[in-house]
Amino acid sequence: MPRPIAATIHSAALRHNLARLRDAARDAKVWAIVKANAYGHGIERVFEALRGADGFALLDLQEAERVRTLGWRGPILLLEGVFEARDLELCSRLHLWHTVHCDEQVDMLAVHKTHQPHKVFLKMNSGMNRLGFAPQRYRAAWARLEALPQVDEIALMTHFSDADGPKGIAQQVRVFDDTTRDLPGERTLANSAAALRFGDDPAVRGDWIRPGIAMYGSAPDYPDHDIAHWQLQPAMTLASRLIGVQQLKPGDTVGYGSNFTADRDMRIGVVACGYADGYPRHCNTGTPVLVGGVRTALVGRVSMDMLAVDLTPVPEAGIGTEVTLWGRASNGAILAIDEVARAGGTLGYELMCALAPRVAVTVAE
Ligand SMILES: Cc1ncc(COP(=O)(O)O)c(C=O)c1O
């Protein structure tokens, strides 16, 4: 029998979250962001649930090939565009739309031989200072692309640095709008946070939204808002079982570094889950966990293959009892990945992406 840890991908939750994002952004089309192997969920595992999207967006040419292999004939967008000239051949062959964010990518296109002109998303750096043309250089880049026979459609794109936080997006939207006002072409600006928080505004939702994290059931602006607030459902459950139980007396300690000391008689459970499974090592005593669907807390340090939990609220728990590290327990109780991530000083994004290869994953309805 393998170790009892496993992850489950919830197809119904993915479909529900996609529908929520569509509602939030009304008439906009949706690029389902499936970069980083669908945020750790697995492209092949989420594909059926997300094929109601209008397109798939990702970074990696191999991931794009995998989406085509699954039978997707619709739009696929490379969010960082091509990395070298020969990538354009694959773009032509697989009919990939690609982002153009720098002069070098325009240069590559200009010498690319293709029978079928490309659709490109011209990216503006409207303030995040990651990828994209500065506003004052954007229109010149547009004009260069427009003149190329290799290009037949130019869409306009930017990305927000603070859609999830107090700074917000107003300044970046202004810069984007001022620069692109009279340019033709579809527009895409909004990630999950922008779509959920500002999707009412047509200037923000544009023609395409680009949600990732919310589709997977994590609140982009947690802890200001949680998944219940945004009516999102966890798309991934990480669950395991108790493989040991210890009875502690006051003064007894738990785990490496004796990091937790019992101040009373207490039962603790040992869970088959550690940082080698992708559970964050930085989670400390108090991190929420569900045992038998009942909320309790981690005690002591997370080790490579095990962690310990307080069994006080679940006296009936014993070896074999289900433990939900994040996601949905068998009794329907939910522990949002955001809560665990916060306790570990990180984000839901990182936990999803860090699910370890040794954890078996199944897809459920
Ligand atoms: C260009 C671009 N668009 C959209 C997204 C999706 O963002 P989120 O997962 O916050 O919705 C990302 C992710 O980082 C991105 O890099």
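Described below are features of the structure shown in this document. A quick note: this is a predicted structure, and the numbers were derived from the prediction, not measured. (Residues numbered from 1 in each chain as written. Predicted model: local features only at pLDDT ≥ 70, side-chain atom pairs only at ≥ 80, totals over all residues. Heavy atoms only, no water.)

Neighbouring the ligand are 13 residues; Tyr-39, Ser-192, Gly-212, Ile-213 and Tyr-349 lie closest to it. Between an oxygen atom of the ligand and a main-chain N or O atom of Gly-212, the distance comes to 2.8 Å. Out of a free accessible area of 390 Å², the ligand has 92% covered by protein chains. Here the ligand is seated within the largest pocket. In terms of residue class, the shell around the ligand is made up of five nonpolar, four polar and four charged. (Near = heavy atom within 4 Å. Polar contact = N/O pair within 3.5 Å; in protein donor to acceptor, adjacent residues only side chain to side chain. Areas by Shrake-Rupley, 256 points an atom, 1.4 Å probe, with all protein chains shown as cover. 1 Å grid on protein atoms, 1.4 Å probe; cavity = no way out; pocket = protein on both sides within 12 Å on 5 of 7 lines; lining within 4 Å. Sits in = over half its atoms within 2 Å of the grid points. Nonpolar A, V, L, I, M, F, W, Y, C, P; charged D, E, K, R; others polar.)

Here we take up the layout of surface pockets. Any space left empty among the atoms is revealed by the rolling of a water-sized probe across them. Here the largest pocket is characterised by a volume of approximately 570 Å³. Lining of the largest pocket is provided by 27 residues; of these, Lys-35, Tyr-39, Arg-130, His-159 and Asn-191 occupy positions nearest its centre. Listing elements by their share of the lining of the largest pocket, those giving two or more residues are helix H2 (35-39), helix H9 (192-198) and helix H13 (348-353). The leading source of residues in the lining of the largest pocket is H2, at three residues. A breakdown of the residues in the lining of the largest pocket according to their chemical character gives 15 nonpolar, five polar and seven charged. Taken as a whole, the second largest pocket encloses approximately 230 Å³ of empty space. (Points joined across faces, edges and corners; volume = space filled by probe spheres on them. Helix = DSSP H or I, 4+ residues; strand = E, 2+ residues; numbered from the N terminus.)

For the rest of this paragraph, the subject is the pattern of salt bridges. By the definition in use, this model includes 19 salt bridges. As a salt-bridge pair, Arg-139 and Asp-182 come within 2.8 Å of each other at their nearest N and O atoms. Here Arg-139 is found in helix H7 (residues 135-146), whereas its partner Asp-182 is found in the loop between helix H8 (170-180) and strand S8 (187-188), with 43 residues between them in sequence. Linking Arg-358 and Asp-305 is a salt bridge whose minimum nitrogen-to-oxygen distance equals 2.9 Å. Placement of Arg-358 in the loop between H13 and strand S19 (360-364) and of Asp-305 in the loop between strand S15 (294-299) and strand S16 (307-310) is noted, with a sequence separation of 53 residues between them. Connected via shared salt-bridge partners are Arg-3, Asp-277, Asp-305 and Arg-358. (Salt bridge = Lys/Arg side-chain N within 4 Å of Asp/Glu carboxyl O.)

Glancing now at the side chain of His-118. Position of His-118 relative to the elements: it lies in strand S6 (residues 118-124). A polar contact of 2.8 Å, which involves the side chain of His-118, links it to the side chain of Ser-92. Within the structure, His-118 has its side chain in polar contact with the side chain of His-112 (distance 3.5 Å). With near-sequence residues (within four places) excluded, His-118 lies in contact with Leu-88, Cys-91, Ser-92, His-98, Leu-109, His-112, Gln-150, Val-151, Asp-152 and Glu-153. (Contact = heavy atoms within 4.5 Å.)

Let us now look at the environment of Met-108. Relative to the helices and strands, Met-108 resides in helix H6 (residues 103-110). Exposure remark for Met-108: the relative accessible area of 17% places this residue in the buried category. Taking the C-alpha atoms as reference points, Met-108 and Arg-267, separated by 159 residues in sequence, lie 64 Å from one another. The residues contacting Met-108, other than those within four sequence positions of it, are Val-82, Phe-83, Glu-84, Ala-85 and Leu-88. (Buried < 20%, exposed > 50% of the residue type's maximum accessible area, 1.4 Å probe, protein only.)

Attention now moves to the pairing of strand S5 (residues 97-100). Because side chains alternate across S5, one face comprises the buried residues Trp-97 and Thr-99, and the other comprises His-98 and Val-100, equally buried. By the bridge criterion, two bridges tie strand S4 (residues 76-78) to S5 in an arrangement that is parallel. Along S5, the bridge assignment pairs Leu-77 with Trp-97. The handedness of the S4 to S5 crossover, carried by helix H5 (residues 87-94), is right-handed. (Pairing = 2+ DSSP bridges. Right-handed = clockwise from strand over helix to strand, strands pointing away.)

Let's shift gears to the packing of aromatic side chains. Taken as a whole, this structure holds 11 aromatic pairs when the rule is applied. Judged by centre distance (5.9 Å) and plane angle (75 degrees), the ring pair of Trp-31 and Phe-121 falls under edge-to-face. On the criterion of sequence distance, the pair formed by Trp-31 in strand S2 (residues 29-33) and Phe-121 in strand S6 is long-range, its members being 90 residues apart. The buried category is assigned to Trp-31, whose relative accessible area is 0%. When the ring of Trp-31 is compared with that of Trp-208, the centres are 4.1 Å apart and the planes differ by 15 degrees; the resulting orientation is stacked. Of this pair, Trp-31 sits in strand S2 while Trp-208 sits in strand S9 (residues 208-209), and the two are 177 residues apart along the sequence. Following the ring pairs from residue to residue traces out a cluster consisting of Trp-31, Trp-97, Phe-121 and Trp-208. (Phe/Tyr/Trp six-rings, centres within 6.5 Å; stacked < 30°, edge-to-face > 60°.)

This part is about the packing of helix H1 (residues 11-24) against helix H3 (residues 43-50). Where H1 contacts H3, the axes come no closer than 8 Å and their chain directions differ by 55 degrees. As judged from the angle between their axes, H1 and H3 are oblique. The two elements H1 and H3 cross, and the hand of that crossing is right-handed. Judged by residue contacts, Ser-11, Leu-14, Arg-15 and Leu-18 of H1 engage Val-46, Ala-49 and Leu-50 from H3. (Axes fitted to C-alpha atoms, helices over the stretch in contact; angles between N-to-C directions. Parallel < 35°, antiparallel > 145°, perpendicular 65-115°, else oblique. Left-handed = near helix turned anticlockwise from the far one by under 90°.)

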